[in-house]
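Here are the chains, one letter per residue:
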Amino acid sequence: MGEASLGFLNANQAAAEGAITAGLKFFAGYPITPASDLFEYLAKKLPKYGGVVVQSEDEIAAINAIIGASWAGAKAMTATSGPGFSLMAESIGFAAMTETPIVIIQNMRAGPSTGVATATGQGEVMQSRWVSHGHYGIVVLTPFSSQEAYDLTIKAFNIAERLRVPVVVLMDYVLVHTRERVVLKKPPEVEVLERKKPTKPPGEYRPYEPDPEDLVPPMANYGEGYAVLVESMAHDERGYYAPVDDVYERLVKRLVDKIEVNRHMVVESATYHTDDAEVLFVAFGSVARSVMSVVKEARMEGKKYGLFRPISLWPMDEKGLRKAAENAEQVIVVEMNYGQLVREVERIVRDKPVHLVPLLKLDLPTPEEIVEAARRWL
Amino acid sequence: MAVIRNIHPLDRFLRPERLPHMWCPGCGIGIALSAFLRAVNELEEEGRIDSRKIVFVTGIGCTARASGYVRFDAAHTPHGRAIPYAMGVKLANPDLIPVVFSGDGDIVGIGGNHFIHAARRNMDMLVIMVNNMIYALTGGQVAPTTPEKIYTTTTPWGNPERPFNAVTLAWIAGANYVARWSVTHPELLKNSIKKALLMEGFRFIEVLSICPEVYGRHIGFRSPVELYTHLRKVVKIRGKIRPLETEYDWERGITLGEFVVRDEPGFVRRLMEVVKGGKA
Amino acid sequence: MPARRFIVTVVADRCKECGICIALCPKNVLEKGNKLNWKGFHYTVPARPEQCIGCRLCEYNCPDFAIFVVEAEAAKGETVWARQA
């Protein structure tokens, strides 16, 4: 171990490789464009690493199967696109409520509804955070290259296992059809974390009793003699249904707060020429690549443009964004929907004008198209 | 604080601090659960099962609350999703023994698609469906198992739907073991569970139950004993008949018995075989 | 062969007064009690344990884990409480 290898991979393949490096042992999925080739890649490869890949009857079965598999001790994952993600909604809340480590790869395509299955989109900025009913914590990471698809999938497993939360890796149609060079780092070059095991014997162990420091309860797997109850109803530390104010409040707060407390593990962003940027672009995923070209060309012409790219979308690097916007006269959010990320940016950057450049296009916008769409502010 | 004592012989499989349970007086779910726990108890005493390997999975509904009362590894999953959850458990750790214990609405209503596909795959799990013929937890709406013409709160003029005969459904979808029993015959049920627990593949046991509070009131019975006594007249035990010959009719009768016993390889074994065959 | 004897135990705070055990007992061992448990149910009492033949129909058909039968040297009816102060 300790070596790395090179791959020429699209984001689906890179994410699959990242999952294998992270120790993936169970994958369930349902065919959907543009996530099927990740599924197919793993179907061929994962059994060689002692893992199981199964096709379920629908996405609802897939998400519940990976939740069950996670409690049986496996690192577990599924992959889908918008329509499948919507079907998984209820059970993503189940995973959050029961603090089950799972990873969901979500390859965005053009919605709503069936939309355009073979075109890109970014319509799930808000849905990825609020996909299920009720209030809970969730982590969403957004790669913008095959390399990041690899790295962030490993990070997604580390966060899921260590914080006992569902983690979404939000990719898009363009990324999963772009092959590029990926350095496949292996441990110890890359950190792979495992879930915390109980330190108390069965009988004393409580599956939802958090460590006071990180608010994350150690996790006993099925079959280890702990008689753990995975409870979808509001529950106390034993997992017993408890419809009383203080138990409910403590639970919901902790589901959210444990991500806040462990923000350092999660929050990540990238900046490009932001130190002196007078015009700050904000974009993520494949669109950020086009925006990067816009910034690059503008810089050659002496224009002080910069790019802030959230890598963790939920929660976002708020401090990083505020810092990047310090010298900006205006902030321009470029996204392939009709205005979602912009709401978050407006909330974080309060003292600057924030403009929306919504690009409802089916192909990745070119830098020229972005400049054209943003012309009135440039 | 009150001290809770283990008293009943099955208390070691229960969480006595949570008893009495939430089920209404005379509800048959407790009888079905008792039969299951006795089956596990006997198998463990006979050295044929390790109860720590059981994963007790339920969905949503009255029956599904059972997961909170048993001292096994357990899950109370979203409505209808117990079967795919159990599938994930089994495939991630084939040493575990998933048991789905849930209601008719959960298993053949909202979870119907998972049910037929798990049976088709011969997925290794035991599914015990407690059938009270009604959506009871939500107050008495029509279920896919409600007999025709019966009053429910969503069919106030009588049920126009035809019910599922879950036995034929499980059989035609490919289950290794299919039986139907009733809470009025708990020892036969227990014996069937003991047998099914030790088999591989998809095993399905339907348990006709009594819901005196909702179903019983709908059809005019005033007490649990009246409904229990009536159900005993409705059910007819038949030996050596095929699934297609079973009846599911509140007037003509509901057939009890063991209808399918097959020894086809379960999904886990099939999967291992193809993966090995492909030299993975 | 000497007659077999049984202890019939009712867990009073689990009983919900459904009456199934009383109706099914072939030997009239059980009857509805006069006292209430803390849930407000008249719990079953094992009034005539000496008539018990150990068929366990009450135990197997009790939905509440509230009654069981154990073979013993002398017949006895017991009412116990799971929850104790």
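As a convention, each chain's residues are numbered from 1 in the sequence order in which they are written. Whichever chain is written first becomes A and whichever ligand is written first becomes 1, with later ones labelled in order. Under the rules for a predicted model, residues below a pLDDT of 70 receive no local features and side-chain atom pairs below 80 are neither given nor counted, while totals for whole chains, interfaces and linings still include all residues. Based on all heavy atoms of the structure, the side-chain values leave hydrogens and waters out of the count.

**Here we look at the sheet that holds strand β4 (residues 67-72) of chain C**
Residue and element names in this part refer to chain C.
Phase 1 of the analysis: Paired strands, in this sense, are two strands between which DSSP finds at least two bridges. Only DSSP runs of H or I covering at least 4 residues are called helices, and only runs of E covering at least 2 are called strands; the numbering of each starts at the N terminus. What the 3 strands build is an open sheet, ordered β4-β1-β5; its pairing is mixed. Where the open sheet ends on each side, the last strands, each with one partner, are β4 and β5 (76-80). On average, each strand axis in the sheet is tilted by 20° relative to the strand beside it, whichever way the strands run. Only the stretch in contact is used when a helix axis is fitted, and all axes are lines through C-alpha atoms; the angle between N-to-C directions ranges over 0 to 180 degrees.

**Notes on the arrangement of the chains**
Phase 1 of the analysis: Contacts are residue-level and defined by heavy atoms, with any inter-residue pair within 4.5 Å sufficient. Highest in contacts among the 2 pairs of chains that touch are chains A and B.
Phase 2 of the analysis: If you take every C-alpha in chain A and every C-alpha in chain C, the smallest gap between them is 18 Å, and the two do not touch.

**Topic: helix α9 (residues 285-300) of chain A**
Residues and elements named next belong to chain A.
Phase 1 of the analysis: Given a rise of 1.5 Å per residue, 16 residues ought to cover 22 Å, and the 24 Å separating the end C-alpha atoms of α9 matches this to within 8%.
Phase 2 of the analysis: Within α9, burial applies to Gly285, Ser286, Val287, Ala288, Ser290, Val291, Val294, Val295 and Ala298.
Phase 3 of the analysis: Elements in contact with the buried residues of α9: β7 (166-172), β10 (269-272), β11 (279-282), β12 (305-310), β14 (330-335) and α12 (367-374).
Phase 4 of the analysis: Gly302 sits one or two positions beyond α9 and adopts a positive phi of about 85°. By this rule, a helix spans an expected 1.5 Å times one less than how many residues it contains. With a 1.4 Å probe rolled over the protein chains alone, any residue whose accessible area is under 20% of its type maximum counts as buried; one over 50% counts as exposed, and the rest are partly exposed.

**Thoughts on the packing of α9 of chain A against α12 of chain A**
Residue and element names in this part refer to chain A.
Phase 1 of the analysis: Where α9 meets α12, the closest approach of the two axes is 8 Å, and the angle between their N-to-C directions is 75°. Judged on the interaxial angle alone, α12 and α9 are roughly perpendicular. In contact with Ser290, Val291, Ser293, Val294 and Glu297 of α9, α12 contributes Pro367, Glu368, Ile370 and Val371.
Phase 2 of the analysis: Note that Gly is not counted as nonpolar here; it falls among the polar residues with everything else outside the nonpolar set of Ala, Val, Leu, Ile, Met, Phe, Trp, Tyr, Cys and Pro and the charged set of Asp, Glu, Lys and Arg. Broken down by class, the residue content of the contact of α9 with α12 amounts to 5 nonpolar, 2 polar and 2 charged. Here is the rule for angles: anything less than 35 degrees is roughly parallel, anything more than 145 is roughly antiparallel, 65 through 115 is roughly perpendicular, and the remaining ranges are oblique.

**Comments concerning the packing of aromatic side chains**
For any two aromatic rings, the description comes down to two numbers: the centre-to-centre distance and the angle of the planes.
Phase 1 of the analysis: For Phe, Tyr and Trp, rings pair up if their centres lie within 6.5 Å, where Trp contributes its six-membered ring, and each pair is then called stacked (planes under 30 degrees apart), edge-to-face (over 60) or tilted (otherwise). All told, the structure shown has 16 aromatic pairs over all chains when counted by the stated rule.
Phase 2 of the analysis: When the ring centre of Tyr136 of chain A is taken as origin, the NZ or CZ atom of Arg129 of chain A, which lies over that ring, is 5.6 Å away.
Phase 3 of the analysis: By definition, being over a ring means that NZ of Lys or CZ of Arg is both within 6 Å of the ring centre and within 35 degrees of the ring normal. One Lys or Arg, Arg65 of chain B, reaches over the ring of Tyr241 of chain A and ends 5.2 Å from the middle of that ring.

**Some details on the interface of chain C and chain B**
Accessible area lost upon the coming together of the parts is a frequently used measure of interface size.
Phase 1 of the analysis: Taken together, the 28 residues of chain C in the interface contact 36 residues of chain B.
Phase 2 of the analysis: The quantity reported as buried area is the accessible area (1.4 Å probe) lost by two parts once they are put together, taken as the sum for both. Of the roughly 2500 Å² buried at the junction of chain C and chain B (both faces included), carbon and sulfur atoms supply 65%.
Phase 3 of the analysis: In terms of surface lost to chain B, no three residues of chain C exceed Arg14, Tyr60 and Phe65 of chain C, which account for 29% of the buried area on that side.
Phase 4 of the analysis: Salt bridges are identified by distance alone: a Lys or Arg side-chain nitrogen within 4 Å of an Asp or Glu carboxyl oxygen. Along the contact surface separating chain C from chain B lie 1 salt bridge.
Phase 5 of the analysis: The salt bridge partner of Asp11 of chain B is Arg14 of chain C, with a shortest N-O separation of 2.9 Å.
Phase 6 of the analysis: In protein, a polar contact means a hydrogen-donor-capable atom and an acceptor-capable atom, both N or O and within 3.5 Å, with residues adjacent in sequence counting only if both atoms are side-chain atoms; elsewhere, any N or O pair within 3.5 Å suffices. Here chain C is connected to chain B by 8 residue pairs in polar contact (both at pLDDT 80 or more).

**A few points about the interface of chain A and chain B**
Phase 1 of the analysis: In this assembly, 37 residues from chain A lie in contact with 37 residues from chain B.
Phase 2 of the analysis: For the chain A and chain B pair, buried surface summed over both sides reaches about 2900 Å², with 60% attributable to carbon and sulfur atoms.
Phase 3 of the analysis: Taken as a group, Glu57, Tyr222 and Tyr240 of chain A account for 22% of the area that chain A buries against chain B, more than any other trio of residues on that side.
Phase 4 of the analysis: On inspection of chain A and its partner chain B, the count reaches 1 salt bridge.
Phase 5 of the analysis: Linking chain A with chain B are 16 residue pairs in polar contact (both at pLDDT 80 or more).
Phase 6 of the analysis: Secondary-structure elements contributing two or more residues to the side of chain A that touches chain B are β3 (52-55), α3 (59-71), α4 (82-97) and β9 (229-231) of chain A.
Phase 7 of the analysis: Looking at which element gives the most residues to the side of chain A that touches chain B, the answer is α3 of chain A, with 8 residues.

**Comments concerning the pairing of strand β4 (residues 75-81) of chain A**
Residues and elements named next belong to chain A.
Phase 1 of the analysis: Judged by how many residues are buried, β4 sits mostly within the fold: 7 of 7 residues are covered.
Phase 2 of the analysis: Relative to β4, strand β2 (residues 24-29) runs parallel, the two being bridged by 3 bridges. Pairing of Leu24 across the sheet is with Lys75, part of β4.
Phase 3 of the analysis: Two strands pair when backbone bridges link them, and β4 and strand β5 (residues 102-108) are joined in this way by 5 bridges, in the parallel orientation. Bridging across to β5, Thr78 finds its partner in Ile104.
Phase 4 of the analysis: By the criterion used throughout, a crossover qualifies as right-handed when its path from the first strand across the helix to the second strand runs clockwise, the strands pointing away from the viewer. Taken together, β4, α4 and β5 form a β-α-β motif whose crossover is right-handed.

**Observations concerning the pattern of salt bridges**
Phase 1 of the analysis: Under the defined criterion, the tally for this structure stands at 48 salt bridges over all chains.
Phase 2 of the analysis: A salt bridge links Arg180 of chain B to Glu206 of chain B; the shortest N-O distance between them is 3.1 Å. Of this pair, Arg180 of chain B sits in strand β6 (residues 177-182) while Glu206 of chain B sits in strand β7 (residues 202-208); the two residues are 26 residues apart in sequence, bridging distant segments of the chain. Glu206 of chain B matches Arg180 of chain B in its accessibility class, with the two residues each being buried.
Phase 3 of the analysis: Its salt-bridge partner being Lys32 of chain C, residue Glu17 of chain C comes within 3.3 Å of it at the nearest N-O pair. A residue pair is termed long-range when its members are at least 10 positions apart, and Glu17 of chain C in the loop between β1 (5-11) and α1 (20-24) and Lys32 of chain C in strand β2 (residues 30-36) qualify at 15 residues.
Phase 4 of the analysis: One network of salt bridges, with partners in common, ties together Arg38, Glu42, Glu46, Arg48, Glu187, Lys190 and Lys194 of chain B.

**A few points about the sheet that holds β11 of chain A**
Residues and elements named next belong to chain A.
Phase 1 of the analysis: A sheet is described by the order of its strands in space; here 5 strands give the open sequence β10-β12-β11-β14-β15, paired in mixed fashion. Edge strands, defined here as strands with exactly one partner in the open sheet, are β10 and β15 (354-358). Direction aside, neighbouring strands of the sheet carry axes that sit 20° apart on average.
Phase 2 of the analysis: Here 4 bridges tie β10 to β12, and the two strands are oriented antiparallel to one another. From the neighbouring strand, Ala270 faces β12, where its bridge partner is Arg309.

**A few points about the side chain of Ser145 of chain A**
Phase 1 of the analysis: With respect to the secondary-structure elements, Ser145 of chain A resides in the loop between β6 (139-141) and α6 (146-163).
Phase 2 of the analysis: Contact partners of Ser145 of chain A, with chain neighbours within four places excluded, come to Leu175, Glu180 and Arg289 of chain A.

**Quick word on helix α2 (residues 82-92) of chain B**
Phase 1 of the analysis: Of all 11 residues that make up α2 of chain B, 10 are buried, and the element is covered over most of its length.
Phase 2 of the analysis: Of the residues making up α2 of chain B, those classed as buried are Ala82, Ile83, Pro84, Tyr85, Ala86, Met87, Gly88, Val89, Lys90 and Leu91 of chain B.

That is the geometry; function is a separate question.
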